Amino acid sequence: MNAKPKINELETFSALSASTKVLAYDAAANKTGLVNIMSLIDKGHWCGVKWRHDSMSPEGEPIGDLEMLRELPYLLNLGCYIVKNDHSRRKLSRKNHHFYEDGSPAKLDGTEGHYMWGWDKVWYFAVSDDSTYHYVRVAFKPIPGCLNYRVPIASRDADGFSTIDRTNNILVSFVNKTAQFRGGANKPEDDTTWKTGLGKPACSTAANLFEKYAEKNGPRFSASHYLMNTATAILGLMVFHNRDIQADFHPDLDGNGLHYGGLGRGCSYEEGFGYYGYVPKGTGAELGDALGIFEWDVPVGGPVAKIKGIPNFFGLKNWYHNMTTILHGVLFRGTGTQHDIFVQPRWTEEAIITDNISGMSKIGAYVGTSGEKGEWVYPKSLNLEKGFCWVKEEGGSTSTGYCDAQYLEPASTTGVRAPGALLDAGYGGLCGPFAFLAYCTPASSGVYYGAFLCEAKEDWDATPSEAS
């Protein structure tokens, strides 16, 4: 008789079909049985989170199909892939990204494609309110009665931030320590020191150049596109049912079998690091599509022995509280009385507009501060128009409401600005997926600024629609 396989020895399916089933437990009937997985995807099921308007707690209440919510990362096939410039992708092992899911070795150095994190299913999210609650829902088909944002198959740099092919000026997601892909500020004199740029994310490049370098990979490649940033943030809300990604990480599950809390403050850069990207690309690849936090041993000569608290979201590593990035596809324009917000609402084969608002659509505005200086605000609630999130109502804090801060310019400021998002480690508790600085320019550059390569397999339309 053949021995029964252990769970960690079971085959990982690369695709779902009508015959694929998952084990489920019905608490009311006290029964265990099999559920056809396609029924969760194809029949209008949705899952989500709701928050009371009269509560400032960042923790929400899971709603909808909780089995779907528990299985959401696996239904999406959330995790890391090797993605080629033609948008074809191959799933990496959930256990170790140095291997594909079939067990064959994978090269992350660029010879087989970009090392990316994302999903291989089209999905939808919807945001709505009633008199009592604010709702965020996710589904695999449009949700009836809601305005639905469609999210195509897409991915972003698995290490949080990308480097540059210095020979060809292309933004790439490679784990490669050769001089051609030197990160940092491209200083060869640092190559033999603990702060070498070899194998690190690139910085000190104008944001609009990051975008041009990303687009050299082909159609629908971008640098830090705002739609990818929003989609990632939505998935964080679903997994943790919490608006504070910097809440403490808990390895256990709650009473519903769901994750809770967050992924902690972020990487523990100390005085002497300068708050820019020192953690090498590929760090943590051996952990696969893990959820949690991990450490990196600093080479001899560094200011500390370890960088701790590096977040890992099913393989997406170190994307907040690490570097600041200028979001593309969105711009602000100060009129002297307010700041109008413009987006390029469809991410297509056309180049992303980076330096002016010509050809962009106005989606709203923020007034800004009354004095000569800008100020930080914590949102109690957010606008979400064409997929971009900005403060709707102030009143949050580092532990209430939306716990990511947004720095708003004075109302009197004029000119075109661009949001500097996620925020580098020097900003501490201000950081997060909904955080941004409104004073950055389209060409902002510095040691704190990086970019993440991202791509979409098909056009990404940020205009929501109702279910037919």
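Just so it is clear, the structure is predicted and the values come from calculations on it, not from any experiment.

Criteria and cut-off values
Residues numbered from 1 in each chain as written. Predicted model: local features only at pLDDT ≥ 70, side-chain atom pairs only at ≥ 80, totals over all residues. Heavy atoms only, no water. Salt bridge = Lys/Arg side-chain N within 4 Å of Asp/Glu carboxyl O. Helix = DSSP H or I, 4+ residues; strand = E, 2+ residues; numbered from the N terminus. Buried < 20%, exposed > 50% of the residue type's maximum accessible area, 1.4 Å probe, protein only. Contact = heavy atoms within 4.5 Å. Pairing = 2+ DSSP bridges. Axes fitted to C-alpha atoms, helices over the stretch in contact; angles between N-to-C directions. Expected span 1.5 Å × (residues − 1). Core = buried A, V, L, I, M, F, W, Y, C linked by side-chain atoms within 4.5 Å. Polar contact = N/O pair within 3.5 Å; in protein donor to acceptor, adjacent residues only side chain to side chain.

1. Topic: the pattern of salt bridges
Side chains carrying opposite charge are able to pair once their charged atoms draw close together.
Right, so step 1: In total, this model carries 22 salt bridges according to the counting rule given.
Right, so step 2: A salt bridge links Asp 157 to Lys 281; the shortest N-O distance between them is 2.9 Å. Of the two residues, Asp 157 sits in strand β11 (residues 154–157) while Lys 281 sits in the loop between α4 (226–240) and β15 (291–297), which places them 124 residues apart along the sequence.
Right, so step 3: The closest approach of N and O atoms between Asp 461 and Arg 346, which form a salt bridge, is 3.5 Å. On the criterion of sequence distance, the pair formed by Asp 461 in strand β32 (residues 460–461) and Arg 346 in strand β21 (residues 346–347) is long-range, its members being 115 residues apart.

2. Some details on unusual backbone geometry
Right, so step 1: One non-glycine residue, Asn 77, adopts positive backbone phi at about 55°.
Right, so step 2: Along the chain, Asn 77 falls in the loop between α2 (66–75) and β5 (79–83).
Right, so step 3: For Asn 77, a relative accessible area of 7% corresponds to the buried category.
Right, so step 4: With a phi close to 55°, Ser 204 is a non-glycine residue in the positive phi region.

3. Examining the environment of His 53
Right, so step 1: Secondary-structure assignment places His 53 in the loop between β3 (46–52) and β4 (61–64).
Right, so step 2: Along the chain, His 53 and Ala 438 lie 385 residues apart, while their C-alpha atoms are 26 Å from each other.
Right, so step 3: In this structure His 53 touches Asp 129, Asp 130, Ser 131, Thr 132, Tyr 133, His 134 and Lys 380, once residues within four positions along its chain are discounted.

4. A word on the sheet that holds strand β19 (residues 330–335)
Either a parallel or an antiparallel arrangement is found when strands of a sheet pair, and the pairing is made through backbone hydrogen bonds.
Right, so step 1: With antiparallel pairing, the 4 strands of this open sheet are ordered in space as β22-β20-β19-β27. Each of the sheet's edge strands pairs with one partner strand only, and the pair in question is β22 (361–366) and β27 (414–417). Averaged over all neighbouring strand pairs, the angle between strand axes comes to 20°, with direction disregarded.
Right, so step 2: Bridging between strand β20 (residues 339–343) and β22 involves 5 bridges; their strand directions are antiparallel. By the bridge assignment for β22, Asp 340 is matched with Ala 365.

5. Notes on α4
Right, so step 1: Compared with an ideal rise of 1.5 Å per residue, which puts 15 residues at 21 Å, α4 spans 21 Å between its outermost C-alpha atoms and is within 8% of the ideal.
Right, so step 2: With respect to burial, α4 is a largely interior element, 15 of its 15 residues being buried.
Right, so step 3: The first or second residue beyond α4 is His 241, which carries a positive phi of 40°.

6. Points about the nonpolar core
Right, so step 1: Residues Trp 117, Trp 119, Trp 123, Phe 313, Phe 388 and Trp 460 are the most contacted members of the largest nonpolar core, which totals 79 residues.
Right, so step 2: In terms of residue count, the dominant contributor to this core is α4 (11 residues).
Right, so step 3: Filtering out sequence-adjacent residues up to four positions away, Trp 123 remains in contact with Leu 76, Val 138, Ala 139, Phe 140, Tyr 149, Arg 150, Val 151, Ala 231, Ile 234 and Leu 235.
Right, so step 4: Membership of the second largest hydrophobic core comes to 18 residues, among which are Leu 331, Tyr 378, Ala 418 and Leu 437.

7. Some words on the pairing of strand β10 (residues 147–151)
Right, so step 1: Looking at chain direction, strand β8 (residues 123–129) and β10 are connected through 4 bridges and run antiparallel. Along β10, the bridge assignment pairs Tyr 124 with Arg 150.
Right, so step 2: Of the pairings in the sheet, the one linking β10 to strand β33 (residues 465–466) comprises 2 bridges and is antiparallel in character. Paired with Leu 147 across the two strands is Glu 466, which belongs to β33.

8. Let's talk about the side chain of Ser 222
Right, so step 1: On the secondary structure map, Ser 222 appears in strand β14 (residues 221–223).
Right, so step 2: Look at Ser 222 and you get buried, because its relative accessible area is 0%.
Right, so step 3: Engagement of the side chain of Ser 222 in a polar contact is seen with the side chain of Glu 211, the distance being 2.8 Å.

9. Observations regarding helix α3 (residues 207–215)
Right, so step 1: Among all positions of α3, only Ala 207, Asn 208, Phe 210, Glu 211, Tyr 213 and Ala 214 are buried.
Right, so step 2: Its buried side turned inward, α3 meets β12 (163–165), β13 (170–172), β14, β18 (324–326), β30 (449–450) and β31 (453–456).

10. Considerations on the environment of Phe 452
Right, so step 1: As for its placement among the helices and strands, Phe 452 is situated in the loop between β30 and β31.
Right, so step 2: The buried category is assigned to Phe 452, whose relative accessible area is 0%.
Right, so step 3: Along the chain, Phe 452 and Ala 223 lie 229 residues apart, while their C-alpha atoms are 5.5 Å from each other.

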